[in-house]
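Examination of the molecular architecture
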Amino acid sequence: MISLTDILTLLPESFLTLAICALLLIDLFLKPAQRSVTHYLAIIVLAVTGWLVLQHFGEPTAFGGMFVRDGIAAVLKVFVLLTTALVFVYARPYLRDRSLFVGEYYVLCLFAVLGMMLLVSAGNLVMIYLGLELLALSSYALVALNRDSPLSSEAAMKYFVLGALASGMLLYGMSMIYGAAGSLDLNTIHAVAATSTQRGLLLFGVVFVVVGIAFKFGAAPFHMWLPDVYQGAPTAVTVFIGSAPKLAAFGMAYRLLESGLDGLGGYWQLMLALLAVLSLAIGNIAAIMQSNLKRMLAYSTISHVGFLFLGLVNGQPEGYAAAMFYAISYALTAAAAFGIILLLSRAGFEAEEISDYKGLGQRAPWYAFLMALIMFSLAGVPPLFGFFGKLLVLKAVAVPGTLWLAVVGAVFAIIGIYYYLRVVKVMYFDEPDGEAVIAGPADAPMRAVLSVNALALLVLGLTWGPLYGWCAQAFGIVR
Amino acid sequence: MFANWPLLSLLIWLPILGAIPVLLAGDKRADLARRIALAVAAATFLVSLVMLSAFNHGIADAAARGAADPGLFKNMQLQENLLWIETLSVRYHLGVDGISVALVLLTTFTSVLVVILGWGSVEKKVAQYMAAMLVLEGLMIGVFCALDALLFYVFFEGMLIPMFILIGVWGGARRVYATLKFFIYTFFGSIFMLIGLLYLYFKTGTFELAELAKVGLSAKEQAWLFFAFLIAFAVKVPMWPVHTWLPDAHVEAPTGGSVVLAAIMLKIGGYGFIRFSLPIVPDASMEYAWLVIAMSLIAVVYVGYVALVQEDMKKLIAYSSIAHMGFVTLGVFISLALARSGNASGAAVGIQGAMVQMISHGFISGAMFASVGVLYDRMHTRMIRDYGGVVNTMPRFATLFVLFAMANCGLPGTSGFVGEFWVILAAFQHNPLVGALAAFTLIIGAAYTLWLVKRVIFGEVANEQVAALEDMNGRETLVLATLAVAVLLLGLWPQPLGNLMDAPIAELVKHIVISKGA
């Protein structure tokens, strides 16, 4: 039976659902010139939801274990909401400039956020699937937002077909697990997986589940969709699907693998290790060849996913905390990176070729500086935020038994340095050609928030202790 | 009276934060930016002098004589110890002993000169240049003060960013190639050290150097860690065969960048061997000492020959730097071998020699690069064949240049002699053949340096450009003369520097003879 406490436990999600519906209605009655109302309302909705997430009411679980409200979910939700708010601020000038400034963008993004919130709180396979599909369907539509662009439509189509395939795989794996465990509840599956001696069917399911997870993350060799989607989607959408969903993907991996299939850790950890190595290799090496910045960042995402997986392979709380920290640092950095692309682009000029950044150090010293911070952070150079994410995941694997993974990670981090530095090189060492002035449509809030976002990479690099403490606490690490 | 001040933090953060007003002054108000930069650098130098006065030789001496061995890194002075990252117990732990004090002073001293040097030779984006220099200075001081391995690593790697920009923006024609090579090479070296440190963290649960020096490690663990450290520091020193980034970086770097690179950054490699390799993995260091000694001898002899055939002045000095830094690694690892064979006094002489060599090389190579910069600013070429007979038009410059050249060959009375002599002395005690090979450098060093002097300074005036040269202006004279005084002072009276470092070296020698096998 649904009780009042269940509703109370789900209050943030319930609020968000109602708010989305309200927003959809309000947007109907707004003239195009008043669209900013939707924009600000959407940000307020995110803020209120975030506040609700942080409140301590309700129970740890709701609906008979379908929904889990724990520290891990709280951390992930807060950063999903924060990243999405950043995305909204960055996207507005871009959208307005291209007559894409429509209510659907906000509604779809918010639905995706709702999907992510359910996903990271899932205590049941059905919940995982529902959350995931809500996220995925919204994302497909978002990629196709600019329907006049053939590139965009192609990307959306590709994303949809491959995404559906992956969902099918995941669902198939889930059905196997259900067959073996006789339940969809993750706790029950956990108990069965830990004790069962007949593991054939379960393992069969695990393989498909891992494939599904790898696809959603964009881990090699299931990464094919990612560069095309990143490049094809309008940048205002890329900034969204390139940042927040990585947090949700981590949540999904954690729920499925740790909460559900912990007992088979030996098997899926090896799979993740292989996926990590492949992702690191393919992501880093393919990124070197790219001349399109969005595509380069897409391959760089693949390599970052490889790093994130390194945190998962040992199945230790420290590793999970490190992977979560990594996901947070990546989401914030990626949002800023795409934010810079959005800032520099204007109608008819997407600023997505690396050569577009020639001489940015002279044309716009401040934004070149911010972009340099972002690149050094992605490359993992101390004292920037990205370095500490890498440090933590390397620490998680730099123990006897998986030391080789740390070495592999290190080697590919060195290779990765090259293409990030190339962006810095183009900005600072090359002379500008063509138009010398930046006359993007960016508005003041965007410029300010983007500056704060990028500088935060430096500040958080110096003061990452509390954030990591929060992650560690969520996984029950006390020190 | 200053002993309770957070002097080390001040030393690190004053230049880094001082870069902000320099940047705010902007490239358009270049003179203002230069003045602020000079003020910041000078203030930092003053603080480092205050640190020297607050540094208590007495405590250190007592510890050296000390009845009870308080353990390595326990006699650090002016300590600041704050919790940085609670969950991982990473500490913001700073402290200095005689070795660090010497290197910090070298850094602050050189930085002032570099700022003055940049006054005339840097024309574009002056504020950014000065700011990068100041940030670099702060980070380098941080490296020498850090007592927490992770903090050390952060400074160690963070340094790459300003240097990358310095070479890439203000460098020569092939600057992009050189700076990428520099960055990737050094990053390659250090990331394996990071994994080594993480493994040590796994063993000990801390990054404190004092704890890492104490932890027992099996022979196999030590061997792996030794090579992780070796790659990191060998690239930085740089040792043969991972030295190839240095000539490129030096040639393409602006004068100031070359000076900082040669005078300070290379020292961080040698410092790393003394702070990490020897204390943390003494047994493996001993086991593979032959390897490092061999690599050092190759650097000293072979790279010396390579220097001989260079046509580019900066490249010649870069190769000569590698050869001279070979002495540092040679001294350090010969001392380890000596200490292990029971010859503590010989070991102390070797490390002492390596340290003096580092400081002296800091002055000499800095001066040599600054001298080339003086010529380059006038002629815009570094090729030896474009020069000749400079003494006729630039007598003041020629005088100082010959002095530095003499110091570079290790003439007694200059600082170049002291360190090399002590290292050779230790080398002979270890193995006469090694000693003889090391001593060979005195000949080859003289050959390439004096031949350089002959071709550039002496002889007939080579061409019209040389004939039109003007002698150094006051600013250049000030820089080079200051360095000349330092070279002579250290050569004639090395005792104060020796005294400063006696205690920590004695402690280190005492520590490294104890096997850590577990």
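In what follows, the structure referred to is the one given above.
What comes next concerns the included structure. Keep in mind the model is a prediction, meaning the values are calculated, not measured.

This paragraph deals with the overall build of chain B. On a plain count of helices and strands, chain B comes out with 23 helices and 2 strands. Since a compact globule built from 518 residues should have a radius of gyration of about 24 Å, the 22 Å found for chain B is in line with a globular shape. Principal-axis analysis of the C-alpha atoms gives chain B an extent of 70 × 55 × 40 Å. Counting contacts in chain B only where the partners sit at least 6 residues apart, residues at least 24 apart contribute 82% of the total. For chain B, the accessible area works out to roughly 16500 Å², and carbon and sulfur atoms hold 67% of it. Across chain B, the centroid of the 30 positively charged side chains sits 3 Å from that of the 30 negatively charged ones.

A few words now on the overall build of chain A. A count of helical and extended segments in chain A gives 21 helices and 2 strands. Over its C-alpha trace chain A gives a radius of gyration of 21 Å, about what one expects of a compact globule, namely 23 Å for 479 residues. By its C-alpha atoms, chain A is 70 × 55 × 45 Å across when sized along the principal axes. Scored against the burial criterion, the 479 residues of chain A give a buried share of 64%. Pairs at least 24 residues apart make up 81% of the contacts formed inside chain A by residues separated by at least 6 positions. Summed over its atoms, the accessible surface of chain A is roughly 16000 Å², and 69% of this surface lies on carbon and sulfur atoms.

What follows concerns the nonpolar core. Residue and element names in this part refer to chain A. Counting residues in hydrophobic clusters, the biggest one holds 416 residues, and the most contacted among them are Tyr105, Phe250 and Trp464. No other element matches the 22 residues that helix 15 (residues 317-344) contributes to this core. The contacts of Tyr105, once residues within four sequence positions are left out, are Val87, Phe88, Ala91, Leu95, Leu142, Leu145, Ala236 and Val237.

Attention now moves to helix 6 (residues 149-158) of chain B. The element helix 6 of chain B is largely enclosed, with a buried count of 10 among its 10 residues. Every buried residue belonging to helix 6 of chain B is among Ala149, Leu150, Leu151, Phe152, Tyr153, Val154, Phe155, Phe156, Glu157 and Gly158 of chain B, and all of these are buried.

Residue and element names in this part refer to chain B. Structurally, Met295 is set in helix 14 (residues 289-308). Expressed as a C-alpha distance, the spacing of Met295 and Ala234, which sit 61 residues apart in the sequence, is 9.7 Å. Ignoring anything within four residues of it in the chain, the contact list for Met295 reads Met239, Trp240 and Pro241.

Here we come to the environment of Trp225 of chain A. Residues and elements named next belong to chain A. You can see Trp225 is positioned in helix 10 (residues 225-232). Judged by its relative accessible area of 4%, Trp225 falls in the buried class. In this structure, the C-alpha to C-alpha distance between Trp225 and Thr5, residues 220 residues apart in sequence, is 41 Å. Once you skip the residues sitting within four places of it in the chain, Trp225 turns out to touch Tyr159, Leu162, Phe215, Lys216 and Gly218.

Taken together, the contacts link 39 residues of chain A with 34 residues of chain B. Each partner contributes to the roughly 3400 Å² buried at the junction of chain A and chain B, and carbon and sulfur atoms together form 84% of this total. Here chain A and chain B share 0 salt bridges between them. Along the contact surface separating chain A from chain B lie 2 residue pairs in polar contact (both at pLDDT 80 or more). Contributions of two or more residues to the side of chain A that touches chain B are made by helix 17 (365-379), helix 18 (385-397), helix 19 (403-429), helix 20 (444-462) and helix 21 (465-474) of chain A. Of the residues forming the side of chain A that touches chain B, the biggest block, 14 residues, is contributed by helix 19 of chain A. Counted by class, the side of chain A that touches chain B contains 31 nonpolar, 5 polar and 3 charged residues.

All names here are of chain B. Contact geometry for helix 5 (residues 126-145) and helix 12 (residues 255-280): axes closest at 11 Å, N-to-C directions at 15°. Judged by the angle between their axes, helix 5 and helix 12 are roughly parallel. Between helix 5 and helix 12 the crossing geometry is left-handed. Residues Tyr129, Met133, Leu136, Met140, Val143 and Phe144 of helix 5 form the contact with helix 12, whose own contacting residues are Gly256, Gly257, Val260, Ile264, Met265, Ile268 and Tyr271. Considering only residue class, the contact of helix 5 with helix 12 consists of 11 nonpolar, 2 polar and no charged.

The next subject is the pattern of salt bridges. Residue and element names in this part refer to chain B. Inspection of every chain in the model, using the stated rule, returns 21 salt bridges over all chains. For the salt bridge of Asp97 with Arg275, the shortest nitrogen-to-oxygen distance reads 2.6 Å. With a gap of 178 residues between them, Asp97 in the loop between strand 2 (90-96) and helix 4 (98-121) and Arg275 in helix 12 connect regions that are remote in the sequence. Residue classification places Arg275 among the buried residues on the basis of a relative accessible area of 5%.

Turning next to the pairing of strand 2 of chain B. If a strand is regular, its side chains alternate between the two faces of the sheet. Residues and elements named next belong to chain B. Counting buried positions along strand 2 yields 6 of 7 residues, so the element is predominantly enclosed. Alignment of strand 1 (residues 77-85) against strand 2, held across 6 bridges, turns out to be antiparallel. Looking at the pairing, Leu82 lines up with Tyr92 of strand 2. Once strand 1 ends, the chain turns through 4 residues before running back antiparallel as strand 2, passing Ser89 with a positive phi of about 45°.

This part is about unusual backbone geometry. With an omega of 5°, the peptide bond between Ala220 of chain A and Pro221 of chain A qualifies as cis. Tracing the backbone shows Pro221 of chain A in the loop between helix 9 (200-217) and helix 10. Here the amide bond leading from Trp240 of chain B into Pro241 of chain B is cis, since omega sits at 5°, within 30 degrees of zero. Residue position: Pro241 of chain B is located in the loop between helix 10 (219-236) and helix 11 (245-252).

A word on the state of the cysteines. The final tally for this structure, using the stated rule, is 0 disulfides over all chains. The closest cysteine sulfur to the non-disulfide-bonded Cys21 of chain A is located on Cys109 of chain A, 16 Å from its own sulfur.

All names here are of chain B. Evaluated as defined, the whole model comprises 59 aromatic pairs over all chains. Between Phe188 and Phe192, the ring centres sit 5.6 Å apart and the planes meet at 80°, which makes this aromatic pair edge-to-face. Pair noted here: Phe188 and Phe192 are both in helix 8 (residues 175-204), with a separation of 4 residues, about one helical turn. On the accessibility criterion, Phe188 (33% relative accessible area) is partly exposed. The buried category is assigned to Phe192, whose relative accessible area is 14%. Residues Tyr199 and Phe202 carry aromatic rings whose centres are separated by 5.9 Å and whose planes lie at 45° to one another, so their mutual orientation is tilted. Of the two residues, Tyr199 and Phe202 both sit in helix 8, 3 residues apart, roughly one turn of that helix.

All names here are of chain A. Their axes nearest at 9 Å, the elements helix 17 and helix 19 cross at an angle of 170°. Looking at the two axes, helix 17 sits roughly antiparallel to helix 19. The segment helix 17 lies against helix 19, with Pro365, Ala368, Phe369, Met371, Ala372, Met375, Phe376, Leu378 and Ala379 engaging Ile417, Tyr420, Leu421, Val423, Val424, Met427 and Tyr428. Of the residues that constitute the contact of helix 17 with helix 19, the class distribution is 16 nonpolar, no polar and no charged.

Counting through the fold element by element, Arg34 of chain B comes out in helix 2 (residues 30-54). Setting aside its immediate chain neighbours within four residues, Arg34 of chain B contacts Val115, Gly118, Trp119, Val122, Val126 and Met130 of chain B.

Now for the environment of Ser121 of chain A. Residue and element names in this part refer to chain A. Along the chain, Ser121 falls in the loop between helix 5 (103-120) and helix 6 (125-143). Given the relative accessible area of 0%, Ser121 is considered buried. Separated by 10 residues in sequence, Ser121 and Gly131 place their C-alpha atoms 9.2 Å apart. When neighbours within four sequence positions are excluded, Ser121 is seen to be in contact with Met66, Phe67, Val68, Ala73, Lys77 and Arg255.

Here we come to helix 18 (residues 395-409) of chain B. Residues and elements named next belong to chain B. A rise of 1.5 Å per residue sets the reference length of helix 18, with its 15 residues, at 21 Å; its end C-alpha atoms lie 21 Å apart and thus fit the reference within 8%. Within the sequence span of helix 18, burial applies to Phe397, Ala398, Leu400, Phe401, Leu403, Phe404, Ala405, Ala407, Asn408 and Cys409. Structurally, helix 18 contributes buried residues whose contacts are with helix 15 (313-340), helix 16 (344-379), helix 17 (390-393), helix 19 (415-430), helix 20 (432-456) and helix 22 (474-492). Just past helix 18, the residue Gly410 takes up positive phi, approximately 85°.

Time to look at a nonpolar patch on the surface. Residue and element names in this part refer to chain B. On the surface, Val485, Leu488, Leu489, Leu492 and Trp493 cluster together to form a nonpolar patch covering roughly 550 Å² of accessible area. In this structure, Val485 sits in helix 22. Accessibility expressed as a relative area gives 51% for Val485, which makes it exposed.

About the criteria used
- Residues numbered from 1 in each chain as written.
- Chains lettered and ligands numbered in written order.
- Predicted model: local features only at pLDDT ≥ 70, side-chain atom pairs only at ≥ 80, totals over all residues.
- Heavy atoms only, no water.
- Helix = DSSP H or I, 4+ residues; strand = E, 2+ residues; numbered from the N terminus.
- Rg over C-alpha atoms; globule rule 2.2 N^0.38 Å.
- Contact = heavy atoms within 4.5 Å.
- Areas by Shrake-Rupley, 256 points an atom, 1.4 Å probe, with all protein chains shown as cover.
- Lys, Arg positive; Asp, Glu negative; His and termini not counted.
- Charge placed at Lys NZ, Arg CZ, Asp CG, Glu CD.
- Buried < 20%, exposed > 50% of the residue type's maximum accessible area, 1.4 Å probe, protein only.
- Core = buried A, V, L, I, M, F, W, Y, C linked by side-chain atoms within 4.5 Å.
- Buried area = accessible area lost by both parts, 1.4 Å probe.
- Salt bridge = Lys/Arg side-chain N within 4 Å of Asp/Glu carboxyl O.
- Polar contact = N/O pair within 3.5 Å; in protein donor to acceptor, adjacent residues only side chain to side chain.
- Nonpolar A, V, L, I, M, F, W, Y, C, P; charged D, E, K, R; others polar.
- Axes fitted to C-alpha atoms, helices over the stretch in contact; angles between N-to-C directions.
- Parallel < 35°, antiparallel > 145°, perpendicular 65-115°, else oblique.
- Left-handed = near helix turned anticlockwise from the far one by under 90°.
- Pairing = 2+ DSSP bridges.
- Disulfide = S-S within 2.5 Å.
- Phe/Tyr/Trp six-rings, centres within 6.5 Å; stacked < 30°, edge-to-face > 60°.
- Expected span 1.5 Å × (residues − 1).
- Patch = residues over 30% accessible without salt bridge, like charges linked within 9 Å, V, L, I, M, F, W, Y side chains within 5 Å.

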